[in-house]
Amino acid sequence: MSMHTGTKAGIGEAAPKYFESRVRRQEDPRLLTGKGCYIDDVRLPDMLHAAFVRSAYAHARILGVDTSAALAMEGVVAVYTAADMRALLTSLRLPIGFPEGQLPDHVMPYVLTPEEAVHVGEAIAMVVAVSRHIAEDAVDAILVDYDPLPAVVDAREVLQQDAPPSRLETGTNTYKPLKIGYGDCDPVFAGAAHVFRQELSTHRGVASSMEGRGVVARAEPATGEMTVWSSTQMSHELAHTVAQMLGMDESRVRVIAPDVGGAFGAKYLVYPEEIAVPAAAAQLGRPVKWIEDRREHFLAAIQERDQFWSLEIAFDADAHILGIRGRLVHDQGAYAPHSYNVPYNAATSLMGPYIVPAYNLEIILAQTNKVPVIPVRGAGYPQGNFAMERLMDCAARELKLDRAEIRRRNLISAAAMPYDTPLKNRAGTAIVYDSGDYLLTQERGLAEAAYADFPVRQSAARHEGRYIGMGIAQAVKGTGRGPFESARVRVATNGRVEVFTGALEMGQGIKTSLAQICADELGVSMNMVDVIAGDTSHIPYGLGGFASRQAITAGTSTLLAAREVRQKAITVASHMLGVAEQALHVRDGLVCLKEETSGNAGGGGAARSVPLGRIAAQLRGMPGYSFPPGVTVGLEATNMFRIDALAYANAFHVCEVEVDIDTGAVKILRYIAIQDCGKLINPQIAEGQIHGSVAHGIGNALFEWMGYDDDGQPLTTTFADYLLPAATDVPHIEIVWLETPSPINPLGIKGAAEAGIVCVGSVLASAIEDALASFNVRIADLPVKPMRLLELIEAGRPAEATAQPAAVLS
């Protein structure tokens, strides 16, 4: 289901052929026929294999590392400890990957930790051998002398003065105090008609991409160059960091991202392994490969979502929000490789689509002995949304108002757009909601779900002994984070068009989307456009894939570069054909007179059209040919669209669940997602993004739990212990598109990759509470585990229900 507004004008010289069309993904035929090339498919002659010794303790001094037995094993080529690695690098610690001054450099991890291990799975040594199985055996032969130390596992421990230090190196269990907010909350709360309090938490999980991390590095002694293949979201940043750490010129380092089998944020980071492997390849003069196994993904790949919220919300007598205040304890883990992005996003997104006149939040950045945290899909927004939507449901219940009504009274109106909030984003620019009709989004969702009729169905189900409930939740998500992305559009002499970009293809279809934009702008068939992404040898700058940004940033850069190429082709063709530029347009790969069609262009008499490939050949330059005035070499153009503001997508989700009160199992009966992501480059791809993000959110809400014991030992390191939603757990997802084009980019688009996940946990919590209202169940924590749900049911079971169960009607 979809509802589209507006027209397809704005790309190319005529109505776009591909933009906003459900064209098939260009990437799929190769992938579906087994012709993809993922990181483990990169096989080079004489290649060696790496494996890592990882800390067995959450916190320990490293007193010594005995590598003698490993070095004596046949097939082992080298073993590297921190001391060995230090000699190969400009620094043993990874460089800061965020603006200087936010946090000190000791928040970054080591390539190999030298003296203190601060989470289970931290890399201590690396073995390089002729095969992976020999390298693994050698890892087992290495003896590490540990002095175990107390670990900080629960982030709330840092609030206790007698808590042990999580890192001896820093002498503190917190990173930096933060306060987010505006207005004066004290008088607001003192004079409020109603004040409600909530204690809430969300638990951490892993990204669980189908393909884990991996890196292959090959040094070229003859040229002094280094080629690195990595399953990464950020080729250019990795190239920069490899060059910096190995003391090389950036021009000598090439990073290639092959096909990436999913990422979800976990690959938006330069990891220690991505430096250790190239360092070994450079020293040994042979290619080296390391592929992450699934256990390593649980032990060493970043995680997200661990937060504890203590909040108060104040309302006036008419149920209008007056203010929110409280404290957020954020578990940052052992390091902060992306600074405090996640808690900052959570805190600044808390208000969501609502008018909040006053807001004050204290943020505690807890340093614990767990895997470090950086953004996973949603990047803090789901936590902020869960906190806000739980507050709204609580207030509705206490004030005896309908859940939709209390939201309606507090929504920002469409007439207020663009809406200036008093907050700033991480880049320091004002958070301004650019467009959206939040009330319309809600109204459409309620209508699609037949929300007003649900109490009748719920009552009937209850008489049958079934506990069904309906939940609602509303959200906004900032997308298109800048400051830029790159695109170079080039027409080859055979007429094919190439788009080179710093954007990354990770399974989300960005190559197809960019080809659609370029084909429309240049008037060529999509099958004539090749998109090359993630290879630093083709374009010098790029930021990569994160924050639902690439359609906006790379898409706009592609549009503007293609537009420049089109104008350049017209200018050259006007000289070649001897006609005015105004008389020409580009169509079907030709520059021709506007009254001509591709069927008769060039027919009879003087040439009346010229192929783009011929113009490209002319612009290569040749003796005796002079370029038209102002025309530069090559039929190509590069654009790096600059933007700091975000485009805000919004959503309203409704779901219906049934809870088995004897097992605590939750079954999703129906799921509706009303989404406003602006104009849709490709509705089919956008729908896939929403399907994926809702499924991801269902996993976070009902299944995924990255458990640790009191000593910081991980309890869930396989998919037998760490549950993901299966096909039978994810319902048919009904998507309704509303389109309010973004005014901050010429395509009018907003990001979609994360827009669907933000309120999934919130809507499921709302639905479960509604189903179990007779038990007075309150959902304050995610995930909602069956055993915990049973405890809540038992605690709230009415005495008469215990004595006399409801009859089941047959």
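Calculation notes
- Residues numbered from 1 in each chain as written.
- Predicted model: local features only at pLDDT ≥ 70, side-chain atom pairs only at ≥ 80, totals over all residues.
- Heavy atoms only, no water.
- Core = buried A, V, L, I, M, F, W, Y, C linked by side-chain atoms within 4.5 Å.
- Buried < 20%, exposed > 50% of the residue type's maximum accessible area, 1.4 Å probe, protein only.
- Helix = DSSP H or I, 4+ residues; strand = E, 2+ residues; numbered from the N terminus.
- Contact = heavy atoms within 4.5 Å.
- Pairing = 2+ DSSP bridges.
- Expected span 1.5 Å × (residues − 1).
- Polar contact = N/O pair within 3.5 Å; in protein donor to acceptor, adjacent residues only side chain to side chain.
- Axes fitted to C-alpha atoms, helices over the stretch in contact; angles between N-to-C directions.
- Parallel < 35°, antiparallel > 145°, perpendicular 65-115°, else oblique.
- Left-handed = near helix turned anticlockwise from the far one by under 90°.
- Arc of directions from axis to C-beta.

Enquirer: So, the nonpolar core: which residues are in play, and what are the values?
Expert: In terms of nonpolar packing, the biggest core is built from 140 residues, with Leu-772 and Leu-789 touching the most fellow members. Among the elements that line this core, the one with the most residues is helix H10 (residues 381-399), at nine residues. Ignoring sequence-local partners within four residues, the contact set of Leu-789 consists of Val-659, Gly-664, Val-666, Ile-768, Leu-772, Val-777, Ile-779 and Val-784. One finds Val-491, Val-524, Val-565 and Val-610 within the second-largest nonpolar core, a separate group that totals 38 residues.

Enquirer: How would you explain the pairing of strand S16 (residues 321-333) if you had to name every residue and give the values?
Expert: Side-chain direction in a regular strand flips from residue to residue, so the side chains alternate between the two faces of the sheet. With nine bridges joining them, strand S15 (residues 307-315) and S16 adopt antiparallel strand pairing. The residue bridging Leu-311 from the neighbouring strand is Gly-326, located in S16. Adjacent in sequence and paired antiparallel, S15 and S16 are bridged by five residues, among which Ala-319 carries a positive phi angle near 65°. Of the pairings in the sheet, the one linking S16 to strand S17 (residues 359-367) comprises nine bridges and is parallel in character. Residue pairing across strands places Gly-326 opposite Leu-361, the latter belonging to S17.

Enquirer: An account of helix H15 (residues 550-577) is needed here, citing residue identities and associated values.
Expert: When the terminal C-alpha atoms of H15 are compared, their 38 Å separation across 28 residues agrees well with the 40 Å that a helix rising 1.5 Å per residue should span. One or two steps after H15, the chain reaches Gly-578, where phi turns positive at roughly 70°.

Enquirer: Quick rundown of the environment of Thr-421? Include the residues and the values.
Expert: Topologically, Thr-421 is positioned in strand S18 (residues 419-424). On the basis of relative accessibility, which here comes to 7%, the residue Thr-421 falls in the buried class. Considered as a pair, Thr-421 and Gln-508 are 87 residues apart in the sequence and their alpha carbons are 31 Å apart. In contact with Thr-421, other than residues within four places in its own chain, are Met-351, Ile-431 and Tyr-433. At a separation of 2.8 Å, a polar atom in the side chain of Thr-421 contacts the main-chain carbonyl oxygen of Ile-431.

Enquirer: Just give me the short version of the sheet that holds strand S31 (residues 781-782), but keep the residues and values in it.
Expert: The strand order across the open sheet built from six strands is S7-S17-S16-S15-S8-S31, with neighbouring strands paired in mixed fashion. On the outer flanks of this sheet lie strand S7 (178-182) and S31, each paired with one strand and no other. Sheet analysis places strand S8 (residues 194-202) next to S31, joined by two bridges and oriented parallel. The residue bridging Thr-202 from the neighbouring strand is Leu-782, located in S31.

Enquirer: Lay out the packing of H10 against helix H18 (residues 760-771) in plain terms, naming residues and giving numbers.
Expert: Where H10 contacts H18, the axes come no closer than 9 Å and their chain directions differ by 30°. Here H10 lies roughly parallel to H18, going by the angle between them. Of the two possible hands of crossing, H10 and H18 adopt the one that is right-handed. From H10, Asn-385, Phe-386, Glu-389, Arg-390, Asp-393 and Arg-397 reach across to H18, where they touch Gly-761, Ser-762, Ala-765, Ser-766 and Glu-769.

Enquirer: Describe in detail helix H12 (residues 438-448), supporting the description with residues and values.
Expert: Among all positions of H12, only Tyr-438, Thr-441, Gln-442, Gly-445 and Leu-446 are buried. Projected down its long axis, H12 shows its buried positions confined to an angular sector of 130°, all on one face. Against helix H11 (403-410), strand S19 (430-433), strand S20 (467-479), strand S28 (647-659), strand S29 (666-676) and strand S30 (733-738) lie the buried residues of H12. Following H12 by one or two positions, Ala-450 has its phi on the positive side, about 50°.

Enquirer: Just give me the short version of the sheet that holds S20, but keep the residues and values in it.
Expert: Sheets are built from strands paired through backbone hydrogen bonds, the pairs being either parallel or antiparallel. Strand order in the open sheet made by the four strands is S20-S28-S29-S30, with mixed pairing throughout. At either margin of the open sheet sits one strand with a lone partner, and together these are S20 and S30. For this sheet, the mean angle separating the axes of adjacent strands, direction not counted, is 15°. With six bridges connecting them, S29 and S30 associate as parallel partners. Its bridge partner lying in S30, Ile-674 is registered against Val-736. Its contacts with the sheet place H12 against S20, S28, S29 and S30, and it is angled at close to 25° to S28.

Enquirer: Can you break down the side chain of Thr-81 residue by residue, with the values?
Expert: Mapped onto the elements of the fold, Thr-81 is located in the loop between strand S3 (76-80) and helix H3 (82-86). Not counting residues within four places of it along the chain, the set of residues in contact with Thr-81 comprises Val-65, Thr-67, Leu-112, Ile-124 and Ala-125.

Enquirer: Hey, could you go over unusual backbone geometry for me, with residue numbers and the actual values?
Expert: Cis peptide bonds are those with omega within 30 degrees of zero, and the linkage from Met-417 to Pro-418 qualifies with -5°. At the junction of Leu-782 and Pro-783, the peptide bond is cis and its omega measures out at 5° in the coordinates. In this structure, Ala-450 takes a positive phi of about 50° despite not being glycine. Secondary-structure assignment places Ala-450 in the loop between H12 and helix H13 (454-463). Look at Ala-450 and you get partly exposed, because its relative accessible area is 33%. Phi at Asn-776 takes a positive value of approximately 60°, unusual for a residue other than glycine. Mapped onto the secondary structure, Asn-776 falls in the loop between H18 and S31.

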